[in-house]
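Here is what each chain is made of, one letter per residue.
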Amino acid sequence: MPIENVAIIGAGQMGAGIAQVAAKQGKQVTLHDVKEELVERGKERIAKALGKEVGKERITEEEKEEVLSRIHPTINFEEAADADIVIEAASENTQIKKKIFQDLDRLTGKETILATNTSSISITELAALTGRPEKVIGMHFFNPVPVMKLVEVIRGLTTDDHTFTEVRALAEELGKEPVDISDYPGFAANRILVPMVNEAIYCVYEGVASPEDVDKVMKLGANHPLGPLALADLIGLDTCLSIMEVLHDGFGDSKYRPCPLLYKYVNAGWLGRKTGRGFFSY
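Residues numbered from 1 in each chain as written. Predicted model: local features only at pLDDT ≥ 70, side-chain atom pairs only at ≥ 80, totals over all residues. Heavy atoms only, no water.

Operational definition: UniProt positions are given in the numbering used here, feature names are shortened, and annotations may be inferred rather than shown by experiment.
By the naming in an unreviewed UniProt entry, the protein is 3-hydroxybutyryl-CoA dehydrogenase, taken from Thalassorhabdus alkalitolerans. On record in UniProt, under Sequence similarities (unreviewed entry), the comment for the protein is "Belongs to the 3-hydroxyacyl-CoA dehydrogenase family." Under the heading Pathway (unreviewed entry), UniProt records this for the protein: "Lipid metabolism; butanoate metabolism."

Written as structure tokens, this is what we have:
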């Protein structure tokens, strides 16, 4: 049975992006966050992104308004109750996500798929908190969601084939390319990517090179479109730290030890683009 009603928990950059691509494909979308201003900011972000598409003549003004009409912002958690799938896109914090999954399990029908956009946290661990572990799955989009084609579809230990097939089909319907990933800390992309970012931070911490020169090395020497420190600022330094901590705790390997400078920046509130300052100023 096709998924038509999508609820998204978290109206930040990732949640708003997921809402945009789902609504653009004709889905009815409930976009939830804990504060009215956060929900409105999410919908404004979507309207701005769609406005750029109108300006580039990719869609018409009428199509933009149709997409926005399918997105229903709310601070009422209960409005997610009738969704075919709920995609959790809250902060990359294990305790926050665990609470959301426990609440969703009580609120939604037993056939509702509970997905998480987590970039590193165990799907199996989240599933074990519910009465439907077979219907819990990872659906990891990449930032910016409307542009990036990849979705990591992560099966927990108990995720059944039907859930996996439905979520993979949804990803394809949203114009994405799903990749089947097993449930290990950091999955595949961030297990490779974020330790590279962490090593770039070590280069700054140890005085190997300035942030500007570290990024120049990787852009000109490795042909990366964005340097690792600019990328860290885009991801959010707090999210990078959370992922490194999950990797370090999950594998118990010192190669995943977060750089002390990363801790220092996060403690200072220098989180990257979202706060106006990280390794660079915005």
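Next, the rest of the story.
1. So, the overall build of the protein
The test is simple: A run of DSSP states H or I qualifies as a helix once it reaches four residues; a run of E qualifies as a strand once it reaches two. Both are numbered from the N-terminal end. Per-residue accessibility, obtained with a 1.4 Å probe over protein chains only, is compared with the maximum for each type, and a residue is labelled buried under 20%, exposed over 50%, and partly exposed between these values. Any two residues whose heavy atoms approach within 4.5 Å at even a single point are treated as in contact. The Shrake-Rupley method, run with a 1.4 Å probe, gives the accessible areas here. Residue values count only the displayed protein chains as cover.
Along the backbone of the protein there are 11 helices and 8 strands. Projected onto the principal axes, the alpha-carbon positions of the protein cover approximately 55 × 45 × 30 Å. By residue count, 49% of the 282 residues in the protein fall in the buried class. Counting contacts in the protein only where the partners sit at least 6 residues apart, residues at least 24 apart contribute 66% of the total. Just so you have it, the protein exposes about 13300 Å², and 51% of that area is on carbon and sulfur atoms.

2. Describing helix 3 (residues 61-69)
Stated formally: Of all possible arcs, the one meant is that of the directions from the helix axis to the C-beta atoms.
For helix 3, the complete set of buried residues consists of Lys 64, Val 67 and Leu 68. Angularly, the buried residues of helix 3 cover 95° about the axis, an arc narrow enough to put them on a single face.

3. Side note on the nonpolar core
Formally: Think of a nonpolar core as a cluster: buried Ala, Val, Leu, Ile, Met, Phe, Trp, Tyr and Cys residues, connected wherever their side-chain atoms sit within 4.5 Å.
Counting residues in each nonpolar core, the largest one holds 35 residues, and the members touching the most others are Ile 8, Ile 46, Ile 85, Ile 87, Met 139 and Phe 141. For this core, the element with the highest residue contribution is helix 1 (residues 13-24), accounting for 7 residues. Every residue in contact with Met 139, bar those within four places of it in the chain, is listed here: Ile 87, Ala 115, Thr 116, Asn 117, Val 151, Glu 152, Ile 154, Val 167, Leu 170 and Ala 171. Counting 26 residues, the second largest nonpolar core, distinct from the first, contains Val 194, Ala 230, Cys 240 and Cys 259.

4. Re the UniProt feature "domain: 3-hydroxyacyl-CoA dehydrogenase NAD binding" (unreviewed entry) in the protein
What UniProt calls "domain: 3-hydroxyacyl-CoA dehydrogenase NAD binding" (unreviewed entry) maps, in this numbering, to residues 5-183. Between the end C-alpha atoms of residues 5-183 the distance is 26 Å, and the span holds 41% helix and 22% strand.

5. Quick look at the pattern of salt bridges
So the rule is basically this: Salt bridges are defined as contacts in which a side-chain nitrogen from Lys or Arg sits within 4 Å of a carboxyl oxygen from Asp or Glu.
Applying the stated criterion to the full structure yields 13 salt bridges. Glu 4 is the salt-bridge partner of Lys 27, the closest N and O atoms lying 3.9 Å from each other. Placement of Lys 27 in the loop between helix 1 and strand 2 (28-32) and of Glu 4 in the segment before strand 1 (5-9) is noted, with a sequence separation of 23 residues between them. Salt-bridge contacts for Asp 103 lead to Lys 99; the nearest nitrogen and oxygen are separated by 2.7 Å. Taken as a pair, Asp 103 and Lys 99 lie in helix 4 (residues 94-107) at a separation of 4 residues, close to a single helical turn.

6. Some points on the pairing of strand 4 (residues 85-88)
Across a regular strand the side chains alternate sides, sitting on one face of the sheet and then on the other. Short version of the rule: The pairing criterion for strands is at least two bridges between them, as found by DSSP. The path from the first strand over the helix to the second decides the hand: if it runs clockwise while the strands point away from the viewer, the crossover is right-handed.
Residues of strand 4 alternate between two faces, with Ile 85 and Ile 87 on one and Val 86 and Glu 88 on the opposite face, all of them buried. Pairing between strand 1 and strand 4: 4 bridges, direction parallel. Of the residues in strand 4, the one forming a bridge with Val 6 is Ile 85. One ladder, built from 4 bridges, connects strand 4 with strand 5 (residues 113-116); its direction is parallel. The partner of Val 86 across the bridge, within strand 5, is Leu 114. Taken together, strand 4, helix 4 and strand 5 form a β-α-β motif whose crossover is right-handed.

7. Quick look at the layout of surface pockets
Basically, it comes down to this: As defined here, a cavity is a set of points on a 1 Å grid over the protein atoms alone where a 1.4 Å probe fits but cannot get out. A pocket is an open set with protein on both sides within 12 Å along at least five of seven lines, and residues line them when an atom is within 4 Å of a point. Grid points are joined across faces, edges and corners, and a volume is the space filled by probe spheres set on the points. Gly falls in the polar group here, along with every residue not listed as nonpolar (Ala, Val, Leu, Ile, Met, Phe, Trp, Tyr, Cys, Pro) or charged (Asp, Glu, Lys, Arg).
Its boundaries defined by the atoms lining it, the second largest pocket holds a volume of some 850 Å³. Around the second largest pocket, the lining comprises 27 residues; the ones closest to its centre are Gln 20, Ala 49, Pro 144, Pro 146 and Val 147. Secondary structure elements with two or more residues in the lining of the second largest pocket: helix 1 and helix 2 (36-55). If one sorts the elements of the lining of the second largest pocket by residue count, helix 2 sits on top with 8 residues. Here the lining of the second largest pocket is built from residues that sort into 10 nonpolar, 6 polar and 11 charged.

8. Let's talk about the UniProt feature "domain: 3-hydroxyacyl-CoA dehydrogenase C-terminal" (unreviewed entry) in the protein
Feature annotation in UniProt assigns "domain: 3-hydroxyacyl-CoA dehydrogenase C-terminal" (unreviewed entry) to the following positions: residues 186-282. Secondary structure over residues 186-282 splits into 62% helix and 0% strand, and the C-alpha atoms at its two ends are 28 Å apart.

9. Observations concerning the environment of Glu 111
Assignment of secondary structure puts Glu 111 in the loop between helix 4 and strand 5. Sequence-wise, Glu 111 and Thr 163 are 52 residues apart; in three dimensions their C-alpha atoms are separated by 9.8 Å.

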